[in-house]
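Fold and contact review
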Amino acid sequence: MDFFLQLLVNGISLGLLYALSALGFVMIFKSSSVLNLAHGELLAIGAFLFLVFSTWARLPIILAFGLTLVGTFALGFVVERLFLRPLIGENLIEVIMMTLGLGIMFRGLLLFIFGGDIHSYPDFLPKSLTIQWGAVQIPSVNVATFIIGILFLVIFGFFFKYSSQGIYMRSVADNQPAALSLGVHVRRVFALSWAIAFIVAAMSGIVLGIINGINVHELSAIGLKVFPVVILGGLDSIGGAILGGIIIGLIETFTGGYFSTALKEIIPYIVLIFILMVKPYGLFGLVEIERV
Amino acid sequence: MRKLRFHPCGNFKETYEEELAIFETDFGRLWMLIGIVLLFGVIPFVSSPYILYVLNIIGIYSIAAVGLNILTGYTGQISLGHGAFFGVGAYTAAILASKAHSPFLLSLLAAGVMTAAVGFIFGLPSSRLKHLYLLIATLAGQFIMEYVFVNWESMTGGAEGIVVMGASLFGLDLGNDRTFYFVIFAFLVLMIWIAVNLKRTRYGRAFIAIRDNDRAAEGMGIPIFRYKLLSFAISSFYAGLAGALFAYFTMSITPEPFNLWLSIEFIAMIIIGGLGSIPGSIFGTAFIVILNELLSHVTEYLMNVGASEGMAITIAPLREFVFGLAIVLFIIYEPKGIAEVWRVVRSSFRLWPFSY
Amino acid sequence: MESCAFQLQVVAVFILISTEFLTMENNIKLLVNNISVVYSDVIQVLKGVSLIIRAGQIVSLLGSNGAGKTTTLRAISGLLKPENGKVTEGSVEYDGKPIQNSSPEEITRKGIIQVLEGRQEFKYLTVEENLRVGTATRWGKPFKEDLELVYRYFPALQARRKSLAGYCSGGELQMLVIGRALMAHPELLLLDEPSLGLAPLLVKEIFQIIRRINQEQGTTLMVVEQNANMALQIAHYGYVMENGKVVMESTADELRENPDIKEFYLGTAASGALKSYKDVKSYKRRKRWL
């Protein structure tokens, strides 16, 4: 029973981690309908930037964190301006290929600068966050993940549903010419959504870095793990991403715990295919409205 | 003797047959003839072994890329599992050759059919899924097949892989690169011929209709699901055939080359070459293969230089960086691919000195 | 040499003063002055179009398909750019300031809003969210009163405010896109075929609302229409375009009585019956416009 409970807790923690990594991805999709294949590299960029500020430059944690956010925000603007703006109006597959090319480029660059080794941050999370409950233990990092995840869910949920800027972002993803005709600043929306996605990815990257250590290969692999998570929940649903993350996390830990570790890599995908066959737009995704 | 045809200065086509003709002029036929003579009569005898090796690789990947272009360029279904399909073909051929000692052509054919069947199965989600959701379903297919390659040890030999005996065809030993060159390019020409003609049949037209507007195609009475599956099967057949050739060419296979990266490279090939263009698939393949070779030479050279100065390891990632950069630049500056550049160059020659 | 330059200057100043004078005196809201529009640097669509829209009026723009009506609207609202089009000659002046080839963001902030042809709703946004996008020109605030105003004009929308726009009927969508444009506080509203694909009764209703908007809000309107009869009933002034040129302009009443318009757009001849194309005279008349 204890084993089961520990697996449950581990699964949920892992799932929240996946969900957190998926949020930036959903951000971009929601505001520009772009499937970002470079997401894992965005996570890595954030994590490494924080590493540079906190460990190498030895700045106080809060300052390092702030600088990371500002830096990734600016980087998001630059990347959008240089690489994605020329593609406004091009085919979907070309934009996807562009993110793919960017991902490969970033990975090469990060490997060149930081090498393939595992780095780690200084220990800075307060131990008091750790929860001990019978034989089950939840480390402080996972509690922090949980808090950050819920925080994001609430903030972005409100942002997209009620704030004007959020509605403009969704309108651009929906129908670009119409948004233009009403004076929505389409270029600004794109730039902003990439900048925000960079920030969100950076935060997730930092949390992942605290837990697993910072490694270019591992972080970019997480970028792929994001796909079953977001597809399961529905590409444009933030709540769906969280639930999808938890489902995938639970499936993985339980297959890992009861069957074999090799199998746990692909079980999420098999489950994914079956769920998609029943619900083609994921659990909470918007059903495509087609009028011919 | 009928009159030679030249480019007319306008659209003077009178029948559908003329409209459908592959070669607009007799010059086209002539150039093709010259090309084939060069391909089989000159190139294999003048190239160095290394060039021949690179050409063989280009030929093999080209077959798979043409197949992917049928699926993505014609039918409009993006697949991230093509690399694994390629692997299925390679494994089928390798298993048949090593365990059943089947003859070369038979195992090639069997690999194609087997992969078509697997492609058919992984095409099934396309009945309900579209666009990005389908893309992810094919990604799932990629991972599942990779898992099978590694873990079905009794058949695939696990991570150690399979050693393939050198094949022979019509009494010729296919062990050396030059004889294999003829086999590869004969197949490439055959598969291109099929792909080009596919576009002119009702199947090809149905594929293109599905790509442009699947709802409208359905309304016109095209059973879209059946055609999507057919497209998956045909494209996988190409991949399987190419994979089988690959297995015989490299003589030993492991699960490693058939990973997601290969699928991505295939997509890069057809995008850089030009979506929906058969010559484009070959240009794209040549571009990617040559870029890969060049980059590995450059990094090797730099590492040798660097080794003497003690900075060897750090240069290797630059290869990845340049590869990504090449894709990015191509998409920004020539989103229609090399095929478009080729078309522009050709027509500016044809129209010289009057540019329009 | 010098005197020549001086003369030119005098002429320039004179022209400047006279246009200023014209603008002030006759209450011109928008002046389209002899514009040419070229798409992708090769296809010339407009060949010297001039229009005047006076403040507070409804101006209708008629013409068959491909005459260049939509392109004229796009040239005014700045939406040529996404289509790779450009105003190569002439000028568009709004309140006396040139706006040709400005970005749509700038032009919409000056108060010119175009309602696109064919109901370009945001499918995945609810009706109310659709309306809120209309506030983009002033950073989203305030929107409560405007919502009420729109619901007053289009009560049908209020009943559906929480449902996704993608599931609304054609009539509701047309109301939605006009209402959405109203949210932006337009001074000049450009409507592109508001009657497209609507039932005759609905067309009537929509046009009555358009007239009410003009009277109650003081909005200047430009309406591109195929339904010439309807458009001329509510308009003060009308232009007829053909092949990228304005071929006829007059007050709406005069246009309605014009025999050519009757024949080609309203579908009735002087006798009330349709004229045959064998009729040589009508052919000649048509030619004269080209």
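Here, the structure is the one placed above.
A quick note: this is a predicted structure, and the numbers were derived from the prediction, not measured.

Section: the interface of chain A and chain B
Residue-level contacts link 34 residues of chain A with 34 residues of chain B. Of all the secondary structure elements, the ones that give two or more residues to the side of chain A that touches chain B are helix H4 (92-114), helix H9 (216-233) and helix H11 (267-278) of chain A. By residue number, the principal contributor to the side of chain A that touches chain B is H4(A), which donates 14 residues. For the side of chain A that touches chain B, the per-class residue count stands at 27 nonpolar, two polar and five charged.

Thoughts on the environment of A:Ile238
Residues and elements named next belong to chain A. Its place among the elements puts Ile-238 in helix H10 (residues 238-258). Taking the C-alpha atoms as reference, Ile-238 lies 28 Å from Gly-257; in sequence the two are 19 residues apart. Those residues within four positions of Ile-238 in sequence are excluded, and the remaining contacts are Leu-23, Val-26, Leu-153, Phe-156 and Gly-157.

Brief notes about the interface of chain C and chain A
Taken residue by residue, the interface counts 28 residues in chain C and 19 residues in chain A. Within the residue set of the side of chain C that touches chain A, elements represented by two or more residues are helix H3 (104-109), strand E6 (112-115) and helix H4 (127-133) of chain C. Per-element tally for the side of chain C that touches chain A: the top contributor is H3(C), with four residues.

So, the sheet that holds strand E9 (residues 237-242) of chain C
Residue and element names in this part refer to chain C. Taken together, six strands build an open sheet; the order of strands is E6-E7-E8-E3-E9-E10 and the sheet is mixed. The open sheet is flanked by E6 and strand E10 (245-251), the only strands paired with a single partner. Neighbour to neighbour, the strand axes of the sheet diverge by 15 degrees on average, direction disregarded. Packed onto the sheet, helix H2 (residues 69-77) meets strand E3 (58-63), E6, strand E7 (188-192), strand E8 (220-224) and E9 and runs at close to 150 degrees relative to E7.

Side note on the nonpolar core
Counting 271 residues, the largest nonpolar core has B:Tyr238 and B:Ala242 as the members making the most contacts within it. The leading source of residues in this core is helix H8 (residues 186-212) of chain A, at 17 residues. Those residues within four positions of B:Tyr238 in sequence are excluded, and the remaining contacts are B:Ile63, B:Ala64, B:Val66, B:Gly67, B:Ile70 and B:Met191.

Description of the packing of helix H2 (residues 39-56) of chain A against H8(A)
Residue and element names in this part refer to chain A. In contact at an axis separation of 7 Å, H2 and H8 are set at 70 degrees when each is read in the N-to-C sense. By the criterion of interaxial angle, the relationship of H2 to H8 is roughly perpendicular. Judged by the sense of rotation from one axis to the other, the crossing of H2 with H8 is right-handed. From H2, His-39, Leu-42, Leu-43, Ala-44, Gly-46, Ala-47, Leu-49 and Phe-50 reach across to H8, where they touch Ala-197, Phe-198, Ala-201, Ala-202, Met-203, Ser-204, Gly-205, Ile-206, Leu-208 and Gly-209. Across the contact of H2 with H8, the residue classes tally to 13 nonpolar, five polar and no charged.

A look at the pairing of E7(C)
Residues and elements named next belong to chain C. Where burial is concerned, most of E7 is hidden: five out of the five residues are buried. In E7, alternate side chains face the same way, and those of Leu-188, Leu-190 and Asp-192 on one face and Leu-189 and Leu-191 on the other are all buried. Direction of pairing for E7 relative to E8: parallel, over a ladder of five bridges. Bridging from a neighbouring strand, Leu-189 pairs with Leu-221 of E8.

Observations regarding the sheet that holds strand E4 (residues 85-94) of chain C
Residues and elements named next belong to chain C. Reading across the sheet, the four strands line up as E2-E1-E4-E5 and stay open at both edges, with antiparallel pairing between neighbours. The open sheet has two edge strands with one neighbour each: strand E2 (43-54) and strand E5 (97-98). The pairing of E4 with E5 spans two bridges and is classified as antiparallel. By the bridge assignment, Glu-93 is partnered in E5 with Pro-98.

Things to note about H2(C)
Residues and elements named next belong to chain C. Across the nine residues of H2, nine count as buried, placing the element largely inside the fold. Residues of H2 that are buried include every one of Lys-69, Thr-70, Thr-71, Thr-72, Leu-73, Arg-74, Ala-75, Ile-76 and Ser-77, and no others. Looking at the residues trailing H2, positive phi occurs at Gly-78, about 85 degrees.

Some points on unusual backbone geometry
Residue and element names in this part refer to chain B. The residue Met-251 is not glycine, and still its phi comes out positive at about 70 degrees. With respect to the helices and strands, Met-251 occurs in the loop between helix H11 (224-250) and strand E4 (252-253). A count of 15 C-beta atoms within 10 Å places Met-251 in the partly exposed class.

Calculation criteria
Residues numbered from 1 in each chain as written. Chains lettered and ligands numbered in written order. Predicted model: local features only at pLDDT ≥ 70, side-chain atom pairs only at ≥ 80, totals over all residues. Contact = placed C-beta atoms within 7 Å. Helix = DSSP H or I, 4+ residues; strand = E, 2+ residues; numbered from the N terminus. Nonpolar A, V, L, I, M, F, W, Y, C, P; charged D, E, K, R; others polar. Pairing = 2+ DSSP bridges. Axes fitted to C-alpha atoms, helices over the stretch in contact; angles between N-to-C directions. Core = buried A, V, L, I, M, F, W, Y, C linked by C-beta atoms within 7 Å. Buried ≥ 20, exposed ≤ 12 C-beta atoms within 10 Å, placed from the backbone. Parallel < 35°, antiparallel > 145°, perpendicular 65-115°, else oblique. Left-handed = near helix turned anticlockwise from the far one by under 90°.

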